[in-house]
Amino acid sequence: MTTLIIIDQPPYGNWAGREGLDMAFSLAAFDQPVALLFTGAGVNWLRQGQQAELIAQKNVDRNLSAATVFGVDQLLADSTSLTRFGLAPVDLLAGVETVRFEPALLSSYSHVVCP
Amino acid sequence: MTTLIIIDQPPYGNWAGREGLDMAFSLAAFDQPVALLFTGAGVNWLRQGQQAELIAQKNVDRNLSAATVFGVDQLLADSTSLTRFGLAPVDLLAGVETVRFEPALLSSYSHVVCP
Amino acid sequence: MPSPRILTYTLVITGAPYTSQAPQTALNFAQAVLAAGHTIDRVFLYGDGIHLASVLAAPPSDEANWTQRWGELLTAHEIPAVACIASALRRGLLDPAEQARYEKPAANLAAPFEIAGLGEWVEGQLQSSRVVYFHSGA
Amino acid sequence: MPSPRILTYTLVITGAPYTSQAPQTALNFAQAVLAAGHTIDRVFLYGDGIHLASVLAAPPSDEANWTQRWGELLTAHEIPAVACIASALRRGLLDPAEQARYEKPAANLAAPFEIAGLGEWVEGQLQSSRVVYFHSGA
Amino acid sequence: MTTLHILNKSPDHPRFALCLAAVTGEDQLLLTENAVLALADTTLTLPARVAALAADMDARGLTGNGLSRYGVGFDHMVRLTTQASRIISW
Amino acid sequence: MTTLHILNKSPDHPRFALCLAAVTGEDQLLLTENAVLALADTTLTLPARVAALAADMDARGLTGNGLSRYGVGFDHMVRLTTQASRIISW
């Protein structure tokens, strides 16, 4: 019964990604199984060294780094998107698992939400 | 001193295109020279036979057909986008001029707005 | 063909009226759900979707008032409708309790909408047989 | 290098706060325009940008209140700021006059913003040496 | 497990391609709102099982050219949601 | 006539490609908000005269890899608007 939340919007320029993260953390807070999948420009949420305070927003990287502590089961990132944005494993927050975005990946989740 | 308003969003699903049309008609109402350029999925504003009342919205095709009467100087449409959406001249509202979206086209306008 | 069964739905609207088509597509879908004999457990407004619950929307008289149309459906069928509190506060949608808490000059939440947390959405995910989202288009 | 001259600006904001970054990018730009000695003739809010003028926005205390920050800049520099009336009415942004006209229970326009027509934007196009737009991102 | 994919984005929106990459041969795709324009987009190949909301097609003038066979009403949309074991709104 | 193009859309948004199709060799492109991610997008070729708001780059962690030479402040953005004879915000 795990819910997969897909984040395909990049950070800070619009709120869709952030609202997806809030959904994931909310499921986790209610002890519901949840995983996050970052794809497209959304993989940029996972880049180390974000300084969102410079544009008067809240950094999410600390929350994301601690996502599994908060009860989020998996942080997944699409490998093609990572390559596109020049993101090697060393550039990423801890705990990110690289996957391929394809139907077989999605099929293991009972709910899939793409906010 | 002509203003070019670029419409690249399709009709009815979001308001950006419609708000661009309102800007164009507003300039025309104040006797300011203005042209409209439709490109990308935006060319679908120019398709004949729209029935927006079926989704409880206002048809714009009558307004667009009469755009030159209201003082809009030109209705331009990007040829590549027309081809992509299968739009032949016979499918279009009256008065549409086919052009190619390129820097040379834009350079003749003093203001270019892409809402 | 499987025999028809009664299902329960949670509808989540994340697109605003007069900017996206989401509230109107969702309304047509909701009417068809009810016409088919199914049940709508709740409607949850999230993100920009919370603007649907503003009592102050004043569209031109020849355009639909989506807040009012949704309000009529919700009331007629006693369907609870909740705007996410985090989305609502940031965007300036307040009920009298939040108006008082933040010392604001007015409240603007339309009846019968209510303001509550994402827990309402989690409950929908758990309880309803179907959850359908109506996002902002593009 | 051309010698510095004083230019006049109209800023048009079409993206909403807490959904797009437009109001904050526009604010930083406006501060830099003024710091460089130029003048801002007016700020025009259009489409979803009108939500910037809602006095009811209540963001969490650790997030910026963009309506308040913009209001301070506008007041300090006596810059007129206008929300497009057609955009505002549909989206539920009302001043007391529109509240009365549409018989609504409240008004929610923040000072010093005003509500007026697209003519204000046309005037900006004609009078200001520069017009800069701040759209919703994606 | 068959999935119903509900897609409301314009064909040039990145979400459109993302959705297509998630649809299998058994899945059902339902085009709504601006996504119905995909039926007229000559650069696209849509999956086998595709339907579109007729009201959205008619609103945008997508009537001729044999397109009407794709059109369905909201009653059919409800039926699709009852038949699918999973629904993804893109 | 040189044009300043101000672009705030993510590289996968259709508006991004539209803007690039409008930029000439003499024009200046300024990337703001999510558009700064284009500097990291290995699938893109950007025009010769390109700058990006440093605050937006830093917010998104785009600091290393020789990217900092693209970063400019809002004072520079103002200067660009004074120098251009025309400004298009995409």
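Our subject is the structure that appears above.
This structure is a prediction, so every number in the text was calculated from the model and none was measured.

### So, the layout of surface pockets
Okay, step 1: In this model, the second largest pocket occupies a volume close to 510 Å³.
Okay, step 2: If you go around the second largest pocket, you meet 25 residues; those closest to its centre are B:Gly40, B:Arg84, E:Asp12, F:Pro14 and F:Ala17.
Okay, step 3: Elements with a contribution of two residues or more to the lining of the second largest pocket: helix H3 (79–84) of chain B, helix H1 (14–22) of chain E together with helix H1 (14–22) of chain F.
Okay, step 4: For the lining of the second largest pocket, the leading source of residues is H1(F), giving 5 residues.
Okay, step 5: Split by residue class, the lining of the second largest pocket holds 11 nonpolar, 8 polar and 6 charged.

### Overview of the interface of chain D and chain C
Okay, step 1: With 23 residues of chain D at the contact, the number on the chain C side is 24 residues.
Okay, step 2: Here chain D meets chain C over a buried area of about 2,100 Å², counting both sides, of which 55% is carbon and sulfur.
Okay, step 3: On the chain D side of the contact with chain C, D:Leu56, D:Ala58 and D:Arg90 bury the most area, a combined 33% of that side's loss.
Okay, step 4: If you look at where chain D meets chain C, you find 2 salt bridges.
Okay, step 5: When the shortest N-O distance is used, the salt bridge between D:Arg90 and C:Glu63 registers 2.7 Å.
Okay, step 6: At the surface where chain D touches chain C, the tally comes to 15 residue pairs in polar contact (both at pLDDT 80 or more).
Okay, step 7: Among the residues making up the side of chain D that touches chain C, the classes are represented as 13 nonpolar, 5 polar and 5 charged.

### Some points on the side chain of A:Glu19
Okay, step 1: In this structure, A:Glu19 sits in helix H1 (residues 16–29).
Okay, step 2: For A:Glu19, the side chain forms a polar contact with the side chain of C:Arg91, separated by 2.8 Å.
Okay, step 3: Look past the residues within four positions of A:Glu19 in its chain and what remains in contact with it is C:Tyr46, C:Gly47, C:Ser87 and C:Arg91.

### Concerning the side chain of A:Gln9
Okay, step 1: Topologically, A:Gln9 is positioned in the loop between strand E1 (3–7) and H1.
Okay, step 2: For A:Gln9, a relative accessible area of 12% translates into the label buried.
Okay, step 3: Within polar-contact distance, the side chain of A:Gln9 engages the side chain of A:Asp8 at 3.5 Å.
Okay, step 4: Polar side-chain contacts of A:Gln9 include one of 3.0 Å to the side chain of A:Asn14.
Okay, step 5: In this structure A:Gln9 touches A:Asn14, A:Ala16, A:Gly17, A:Ala41, A:Gly42, A:Trp45, D:Ala138, E:His13 and E:Arg15, once residues within four positions along its chain are discounted.

### Some details on the environment of E:Leu62
Okay, step 1: Position of E:Leu62 relative to the elements: it lies in the loop between helix H2 (54–59) and strand E4 (71–72).
Okay, step 2: As for E:Leu62 and E:Thr45, which are separated by 17 residues in sequence, their C-alpha atoms are 17 Å apart.
Okay, step 3: For E:Leu62, the contacting residues outside a window of four places in its chain are B:Arg47, E:Val36, E:Leu37, E:Ala40, E:Met57 and E:Leu67.

### As for the pattern of salt bridges
Okay, step 1: Evaluation of the coordinates by the stated rule reveals 28 salt bridges over all chains.
Okay, step 2: Close ionic contact of B:Arg100 with B:Glu102 constitutes a salt bridge, the shortest N to O distance being 4.0 Å.
Okay, step 3: Overlapping salt bridges, with partners in common, bring together A:Arg18, A:Lys58, C:Arg90, D:Asp62 and D:Glu63 in one network.

### Considerations on the relation of the copies chain D and chain C
Okay, step 1: In screw terms, the move from chain D to chain C is a rotation of 180° and a rise of 0.0 Å along the axis, fitting with an RMSD of 0.0 Å. What the rotation and shift describe, once combined, is the action of a two-fold rotation axis. Measuring from the rotation axis to each C-alpha of chain D, the shortest distance belongs to D:Ala106, at 3.1 Å.
Okay, step 2: Comparing interface residues between copies, 100% of those in chain D also lie at the interface in chain C; the contact surface is shared.

Basis of the calculations
Residues numbered from 1 in each chain as written. Chains lettered and ligands numbered in written order. Predicted model: local features only at pLDDT ≥ 70, side-chain atom pairs only at ≥ 80, totals over all residues. Heavy atoms only, no water. 1 Å grid on protein atoms, 1.4 Å probe; cavity = no way out; pocket = protein on both sides within 12 Å on 5 of 7 lines; lining within 4 Å. Points joined across faces, edges and corners; volume = space filled by probe spheres on them. Helix = DSSP H or I, 4+ residues; strand = E, 2+ residues; numbered from the N terminus. Nonpolar A, V, L, I, M, F, W, Y, C, P; charged D, E, K, R; others polar. Contact = heavy atoms within 4.5 Å. Buried area = accessible area lost by both parts, 1.4 Å probe. Salt bridge = Lys/Arg side-chain N within 4 Å of Asp/Glu carboxyl O. Polar contact = N/O pair within 3.5 Å; in protein donor to acceptor, adjacent residues only side chain to side chain. Buried < 20%, exposed > 50% of the residue type's maximum accessible area, 1.4 Å probe, protein only. Least-squares fit on C-alpha atoms with pLDDT ≥ 70 in both.

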